[in-house]
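Letter by letter, the chains look like this.
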Amino acid sequence: MSEKIERLKTVIIGSGPAGYTAAIYAARADLKPVMYTGMEPGGQLTTTTEVDNFPGYPEGIDGPTMMVQLQQQAERFGTEVRIGMVTAVELSDETGGIHKLTIDSDKVIEAETVIISTGASAKYLNLPSEQRLRGGGVSACAVCDGFFYKGQDVAIVGGGDTAAEEASYLANICNKVTMLIRKDHMRASKAMQHRVNSLKNIDVRYNTEIDEVLGDQVVEGLRMVNNQTGRKEEIAITGLFIAIGHTPNTGIFKGQLDMDETGYILTKGKSTKTNKPGVFASGDAQDKEYRQAVTAAGTGCMAALDAERYLATVETPEEVV
């Protein structure tokens, strides 16, 4: 006899602030959510030392501790958290249809609703010294971590709108911002270029790349290299911000869910609904604008509410009984 395929009411894919918030709301609505954590349980916040801008933590909290607390809260209401990776999906086109998910390339389960909260991964330069000092002065989010470098000298890498926006943000709170752009021009919009160039404490270095991030335990400096002349120069900084983009973790949904050109899942209007009935997207997998823990949590709440309302419309009287 073949093993019976497990059918679940709500499956949450991903375990960051969006996923755990969705789990809390789904569990309280008796959707009996099962969460698959993915390869990085807790998401990006587990690589952040201090979270200072999430409401309710007046003294701040370190990222890993916050994620443990969110998991405990979700489990308190009945969420089942499973360590595992959803490696393939077969999403139904039918309202009330059943979605099939493959776990760890092996086990297949069925779900009446799916909440996607797989997040996005920040792109890094992948220098050994950069990777070693992540959390020790190297960050991919100036809005998240810039406050800790108030009045200090920092550097930022990138030439697009995000880099220009974050450089401007840092210039308002830091003593000096060195902006490294590997090409001879900025990709940012003209408006953002004007903003950067108007700020006297931003030093823009074109044709410049990082040779090495200096420091043992924390960032103490930066060795730059001009990619045209080969000339190297060292500067003293305490923080390095990488702003070269993010990659949404949505590869397994390609060809089934509507996405933009960079892979962010498209949702309908102000909801978390995707083009597949019963499939909802939350957090950084569908948000390329804000990418904050609190906004991810908000969309996680929305996804659970959308899932609850969807199930209410497709359940038969016998299922309700």
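Up top you'll find the structure we're talking about.
Residues numbered from 1 in each chain as written. Predicted model: local features only at pLDDT ≥ 70, side-chain atom pairs only at ≥ 80, totals over all residues. Heavy atoms only, no water.

(A) Layout of the sheet that holds strand 13 (residues 221-226). Within the open sheet, the three strands sit side by side as 12-13-14. Their pairing is antiparallel. The strands lining the two open edges of the sheet, one partner per strand, are strand 12 (208-214) and strand 14 (232-236). Shown here is a sheet whose adjacent strand axes are inclined to one another by a mean of 25°, direction ignored. Sheet analysis places strand 12 next to strand 13, joined by six bridges and oriented antiparallel. The residue bridging Val 213 from the neighbouring strand is Leu 222, located in strand 13. (Pairing = 2+ DSSP bridges. Helix = DSSP H or I, 4+ residues; strand = E, 2+ residues; numbered from the N terminus. Axes fitted to C-alpha atoms, helices over the stretch in contact; angles between N-to-C directions.)

(B) Molecular detail of the pattern of salt bridges. Taken as a whole and judged by the stated rule, the model has 14 salt bridges. Note that Glu 6 and Lys 107 form a salt bridge whose closest N and O atoms lie 3.2 Å from each other. Taken as a pair, Glu 6 in strand 1 (residues 6-13) and Lys 107 in strand 6 (residues 107-116) lie far apart in primary sequence, 101 residues in all. Residue classification places Lys 107 among the partly exposed residues on the basis of a relative accessible area of 36%. Salt-bridge contacts for Lys 232 lead to Asp 211; the nearest nitrogen and oxygen are separated by 3.6 Å. Here the residue Lys 232 occupies a position in strand 14, and Asp 211 occupies one in strand 12, the gap between them amounting to 21 residues. For Lys 232, a relative accessible area of 49% translates into the label partly exposed. Judged by relative accessible area, Asp 211 falls into the partly exposed class, the value being 29%. Overlapping salt bridges, with partners in common, bring together Asp 211, Glu 212, Arg 223, Lys 232 and Glu 234 in one network. (Salt bridge = Lys/Arg side-chain N within 4 Å of Asp/Glu carboxyl O. Buried < 20%, exposed > 50% of the residue type's maximum accessible area, 1.4 Å probe, protein only.)

(C) The state of the cysteines, seen in detail. Using the criterion set out here, one finds one disulfide in the structure. Each sulfur in the disulfide pair Cys 141 and Cys 144 lies 2.1 Å from the other. With the S-S bond torsion at 70°, the cross-link from Cys 141 to Cys 144 turns out right-handed. Taking relative accessible area as the criterion, Cys 141 reaches 14% and is therefore assigned buried. Since its relative accessible area comes to 24%, Cys 144 is described here as partly exposed. Free cysteine: Cys 174, not disulfide-bonded; nearest cysteine sulfur from Cys 141 at 13 Å. (Disulfide = S-S within 2.5 Å.)

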